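Analysis of the macromolecular model
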Amino acid sequence: MDSCVIPLRHGGLSLVQTTDFFYPLVEDPYMMGRIACANVLSDLYAMGITECDNMLMLLSVSQRMSDKEREKVMPLMMRGFRDAAEEGGTSVTGGQTVLNPWIIIGGVATVVCQASEFIMPDNAVPGDVLVLTKPLGTQVAVNAHQWMDIPEKWNKIKLVVSKEDVKLAYQEAMYNMAMLNRTAAGLMHTFNAHAATDITGFGILGHAQNLAQQQRCDVAFVIHNLPIIAKMAAISKACGSMFGLVQGSSAETSGGLLVCLPREQAARFCAEIKSPKYGEGHQAWIIGIVEKGNRSARIIDKPRIIEVTPRGAGAGGQEGTPTTTPSPEALA
């Protein structure tokens, strides 16, 4: 599971807790702090938990930084983390800071809740539909952005993408990584989700396989559609086996929730999450089905690539191409 669930001795309550940390991957220290916090909270959200009682911040300050760099960068990173925690309805009450050769940021998220407040990720049944709430391609976008200043790297991809495309994709990736999955977690209850996980370091296929293995029923997940930040699939292809984005093995950071929903609820979930009442930027796509099987997951040989247009790229919005979410019937 994405979080540990520990039954408490009193009152029928459970302690749900998770921790995570990683190295900086974007240039903006404030946004890096927000991304780190969103990534920690996402493990709670993957279980349908929308409230977090407390967060701790784990911070490693690089010994290689000058005093000036440290005084400028670290407070911004900490503020980003705290602001994201506040957006999630919680606060940072402590943590641990150490000196280290590398900058590391992460945290611990803790909540005490009743059984009705979380959804165990093991109830998928044949006929369910798979929904994803953020586009893929964050690792590719971040790497491509770094390669703009490395000629030998840029030469590998310059024929399939422009620098403007990469800049837009990088901004889109950063925005998505910093967005909380809290809205999706709440809607998991509204639309009777059967299981979920968040997509991070193992890629879409790795996390789908992990989730399938936890199911109580004999099921298999079949992924037909891959929503990907525009042009990132072309970059991945140009780089050979480096990323494996279309194959489902490319790592993501603070990715979306992969949710198993009843067939009749999936399209309604996707429509509801885009409602203006939840703020701008929330997205969801039907990407596959749950069928009878041996607790495995796979991507079909030629998945449908949905190119998700970055914000700021002109007309076209955030739906991607094609602009309609496929119905569950179209995937059957």
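Cut-offs and rules
Throughout, residues of each chain are indexed from 1 in the direction in which the sequence is written. This being a predicted model, a pLDDT of at least 70 is required before a residue's local features are given, and a value of 80 or more before pairs of side-chain atoms are given or counted; all residues contribute to the totals for chains, interfaces and linings. Each side-chain value is worked out from all heavy atoms of the structure, with water and hydrogens disregarded. A helix here means a DSSP run of H or I that spans at least four residues, while a strand means a run of E at least two residues long, and both kinds are numbered starting from the N terminus. The globule rule is 2.2 Å times the number of residues to the power 0.38, and the radius of gyration it is compared with is taken over C-alpha atoms. Per-residue accessibility, obtained with a 1.4 Å probe over protein chains only, is compared with the maximum for each type, and a residue is labelled buried under 20%, exposed over 50%, and partly exposed between these values. In what follows, a contact means two residues having at least one pair of non-hydrogen atoms within 4.5 Å. The accessible surface values rely on the Shrake-Rupley method and a 1.4 Å probe; as for residues, cover is taken only from the protein chains in view. Neither His nor the chain ends contribute to the count of charged residues, in which Lys and Arg are positive and Asp and Glu negative. Here the site of a charge means NZ on Lys, CZ on Arg, CG on Asp, or CD on Glu. A strand pair is defined by DSSP finding two or more bridges across the two strands. Simply put, an axis is a line fit to the C-alpha atoms, just over the touching stretch for a helix, and the angle between two N-to-C directions goes from 0 to 180 degrees.

**Quick notes on the overall build of the protein**
- A tally of regular secondary structure across the protein gives ten helices and eleven strands.
- Here the protein has a C-alpha radius of gyration of 20 Å; the compact-globule value for 332 residues is 20 Å, and the two agree.
- In terms of its C-alpha atoms, the protein occupies a principal-axis envelope of roughly 60 × 55 × 35 Å.
- By residue count, 55% of the 332 residues in the protein fall in the buried class.
- At a minimum sequence separation of 6, the contacts of the protein that also span at least 24 residues come to 82%.
- Of the roughly 14,400 Å² of accessible surface on the protein, a fraction of 53% belongs to carbon and sulfur atoms.
- Of the charged side chains in the protein, 28 are positive and 32 negative, and the gap between their average positions amounts to 4 Å.

**Considerations on the sheet that holds strand β8 (residues 219-229)**
- The sheet built from six strands is open, its strands ordered β7-β9-β6-β10-β8-β11 with mixed pairing. A single partner strand is all that each edge strand has here, and the edge strands are β7 (195-198) and β11 (296-308). Mean inter-strand twist for the sheet, computed between neighbouring axes without regard to direction, equals 20 degrees.
- Pairing between strand β6 (residues 129-132) and strand β9 (residues 257-261): four bridges, direction antiparallel. Counted as the bridge partner of valine 129 is leucine 261 from β9.
- Together, β6, β7, β8, β9, β10 (285-292) and β11 form the strand contacts of helix α7 (residues 203-213), whose direction differs from that of β11 by roughly 140 degrees.

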